[in-house]
Amino acid sequence: MKPVVLEVPGRGQDLQVRISAPVTGSGLPIVVLSHGFGSSLDGYGPLADFWAAHGFVVVQPTHLDSRTVGLAQDDPRTPRIWRHRVEGVKRVLDRLDLLEAAVPGLGGRLDRTRIAAAGHSFGGQTAGNLLGLRVLDPVSGEEADLSDARIKAGVLLATAGKGGADLTPFAAGNFPFMNPSFANMTAPALVVAGDRDDSPLSVRGPEWLADPYFLSPGDKSLLTLFGAEHSLGGIAGYEVRETTDENPERVALVQRVTWAYLRHALGIEDDSWAAARKALSEGAAPSGAAALGRIESK
C-alpha cells in the first residue's frame, strides 16, 4: 500500500510511507526500513518483498534527501536532514494505528512489542540513531540521544563508520553530520559490510564499514560479504543503476541472514539464526554458502 501520508509537524511537508505486509497471519513483527541517500519508499524491493513474504510488516518512509523530494542544497532543513530522518521514523512509530488502518485486512494483526529498524548506507545511520548511535550535530554541536525504546533490534547495511580524520575531504565538506559515536549503541544489531566497499567517503577503505560492529557495545553480529561493494549485490532495487556488484546469490544470502537475525533478535525463534551462524562462522569450510561471507558475533 503506497503512499500512506503522515503529517509531521516542523518537517515542511508530509511524510509518504509504503507498507508491505503478508496477506495472512497474526502477531506480525514490524521492520521500519530506512533508505539510502537519494532513494525513496520504492527502493529496496529485494529486502522489503522478502521480509514481507516471510512474515514481517515492512514500513518504508521517504526521507527528505530523496531524489523524489528534490530538496535544494541551500534549503534550511539540509544541515539537519539526518535528524529529520530519525524524526520521520519516530512519527511512523507514533502513527502505527493510522498505517495499520490504511491497509485492508491488516487491522489487529501487528505485534507492537516486536519492532526493528533497518537501513542501508545513510539509512543505516538512521537506524543506528534509534538504537543509540549519537551524531555530533553540526548545528548545535551536541550529541543528542535519539534512541527509541520501541525499537528492539536493528540491521545496519553498508553503514558509515567513524568521522573526523577518517573522512575524505569530500565527505567532510558535504556531509558534516557524518560524525557518529557508537559508544551508546547498546541495542542488539546485525552489521552487514562488503569487503570491497571502498567508500569515497572514507580514507580507510572497506574496513570503515565494520566500525558499527567493532565500536559499539552489547550484543552485535557482523556479516562480512566477500566481494561485495556498496549495494551488497543489489539490495537497493531489482534494476538499480548504482549496483556495481550485481550478484543474485549474494542478495539471497542477505535476505536469508537478515530475516533469520530479525527473528532471533525479536524473540520469535532461534533455529534459523543458529543455522546461519553455523554455515557462515569463522573457520567454516570455504564452500557453498561459506564462500559468500562470514559471520562473527560478540
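Before reading on, note that the structure itself is shown above.
Below you will find a few notes about this structure.

1. Notes on the overall build of the chain
A tally of helices and strands in the chain yields 8 helices and 11 strands. Computed over its C-alpha atoms, the radius of gyration of the chain comes to 18 Å, within 12% of the 19 Å expected for a compact globule of 298 residues. Considering only C-alpha atoms, the chain reaches an extent of 55 × 50 × 35 Å along its principal axes. Counting over 298 residues, the chain shows a buried share of 55%. In the chain, the proportion of contacts linking residues at least 24 apart, taken out of those at least 6 apart, comes to 71%. For the chain, the exposed surface amounts to about 12300 Å²; the carbon and sulfur share of it is 51%. Side-chain charges in the chain split into 29 positive and 35 negative, and the spacing between the mean points of these groups amounts to 3 Å.

2. Digging into the pattern of salt bridges
Scanning all chains against the criterion turns up 20 salt bridges. A salt bridge links Asp 145 to Arg 134, with the nearest nitrogen and oxygen atoms 3.6 Å apart. Taken together, the residues Asp 145 in the loop between β6 (134-135) and β7 (153-157) and Arg 134 in strand β6 connect sequence positions 11 residues apart. For Arg 134, a relative accessible area of 21% translates into the label partly exposed. Where Arg 150 meets Asp 148, a salt bridge forms, and the shortest distance between an N and an O atom there is 2.8 Å.

3. Some words on the packing of aromatic side chains
Enumeration according to the criterion identifies 7 aromatic pairs in this entry. Taking the centre distance of 4.9 Å and the plane angle of 75 degrees together, the rings of Tyr 213 and Phe 214 count as edge-to-face. Plain terms: the ring middles of Tyr 261 and Trp 273 are 5.1 Å apart, the flat faces sit at 75 degrees to each other, and that makes the pair edge-to-face. Taken together, the residues Tyr 261 in helix α7 (residues 248-265) and Trp 273 in helix α8 (residues 271-280) connect sequence positions 12 residues apart. Like Trp 273, Tyr 261 is buried.

4. A word on the side chain of Arg 263
Mapped onto the elements, Arg 263 comes out in helix α7. Within the local environment of Arg 263, its side chain forms a polar contact with the side chain of Glu 269, the two groups lying 2.9 Å apart.

5. Quick notes on the nonpolar core
By size, the foremost hydrophobic cluster in this structure holds 52 residues, and its most contacted members are Val 17, Ile 19, Val 57, Val 92, Leu 99, Phe 177 and Met 178. Counting residues per element, this core draws most heavily on helix α2 (residues 81-94), which supplies 6 residues. With 37 residues, the next largest nonpolar core counts Ala 158, Ile 235, Val 257 and Trp 273 among its residues.

6. Considering the sheet that holds strand β2 (residues 15-20)
Strand pairing within a sheet occurs via backbone hydrogen bonds; the two strands may be parallel or antiparallel. Here we have 9 strands laid out as an open sheet, ordered β1-β2-β4-β3-β5-β7-β9-β10-β11, and mixed in their pairing. In this open sheet, the two edge strands, each paired with only one partner strand, are β1 (4-6) and β11 (293-297). For this sheet, the mean angle separating the axes of adjacent strands, direction not counted, is 20 degrees. With 6 bridges joining them, strand β3 (residues 28-34) and strand β5 (residues 110-120) adopt parallel strand pairing. Paired with Val 32 across the bridge in β5 is Ala 117.

7. Looking at helix α4 (residues 122-131)
A large share of α4 lies buried, amounting to 10 of its 10 residues. Among the residues making up α4, those that are buried are Phe 122, Gly 123, Gly 124, Gln 125, Thr 126, Ala 127, Gly 128, Asn 129, Leu 130 and Leu 131. Next to the buried residues of α4 lie β3, α2, β5, β6, β7 and β9 (189-194). After α4 finishes, the residue Gly 132 shows a positive phi value of roughly 125 degrees.

8. What to know about α2
In this model α2 runs 20 Å from its N-terminal to its C-terminal C-alpha over 14 residues, within 8% of the 20 Å that 1.5 Å per residue would give. Taking burial as the measure, the 14 residues of α2 include 10 buried ones, the bulk of the element.

9. Focus: the pairing of strand β4 (residues 57-61)
Within a regular strand, side chains alternate between the sheet's two faces. Judged by how many residues are buried, β4 sits mostly within the fold: 5 of 5 residues are covered. Judged by which residues are buried, β4 turns out to be covered on both faces: Val 57, Val 59 and Pro 61 on one side and Val 58 and Gln 60 on the other are all buried. Pairing of β3 with β4, which is carried by 3 bridges, proceeds in the parallel orientation. Along β4, the bridge assignment pairs Val 31 with Val 58.

Rules used throughout
Here the residue index of a chain counts from 1 through its sequence in written order. Totals for whole chains, interfaces and linings use all residues, but because this is a predicted model, local features are given only for residues with pLDDT of at least 70 and pairs of side-chain atoms are given and counted only at 80 or more. Each side-chain value is derived from all of the structure's non-hydrogen atoms; neither hydrogens nor water enter the calculation. Helix and strand definitions here come from DSSP, where helices need a minimum of 4 consecutive H or I residues and strands a minimum of 2 consecutive E residues; each element is numbered from the N-terminal end. Values of the radius of gyration come from C-alpha atoms, whereas the globule rule sets the reference at 2.2 Å times the count of residues to the power 0.38. Each residue gets one of three labels from its accessible area relative to the maximum for its type: buried under 20%, exposed over 50%, partly exposed in between, using a 1.4 Å probe on protein chains only. Note on contacts: a residue pair is in contact if any heavy atoms of the two residues lie within 4.5 Å. What sets the accessible areas is the Shrake-Rupley method with a 1.4 Å probe; for residues, cover comes only from the shown protein chains. Counted as positive: Lys and Arg. Counted as negative: Asp and Glu, with His and the chain ends omitted from the count. For the purpose of locating charges, the reference atoms are NZ of Lys, CZ of Arg, CG of Asp and CD of Glu. Each reported salt bridge corresponds to a side-chain nitrogen of Lys or Arg within 4 Å of a carboxyl oxygen of Asp or Glu. Any Phe, Tyr or Trp ring, taking Trp's six-membered ring, that has another such ring centre within 6.5 Å forms a pair; planes under 30 degrees apart are called stacked, those over 60 apart edge-to-face, and the others tilted. In the analysis that follows, any N or O atom pair within 3.5 Å is treated as a polar contact, provided that within protein one partner can donate a hydrogen and the other can accept it, and provided that, for residues neighboring in sequence, both atoms belong to side chains. Only buried residues count toward a nonpolar core. Its members are Ala, Val, Leu, Ile, Met, Phe, Trp, Tyr and Cys residues joined through side-chain atoms within 4.5 Å. Note: two strands are recorded as paired if DSSP finds a minimum of 2 bridges between them. Orientation is described by lines fitted to C-alpha atoms, with helices fitted over the stretch in contact, and by angles between N-to-C directions that extend from 0 to 180 degrees. An expected span of 1.5 Å times one less than the residue number is assigned to each helix.

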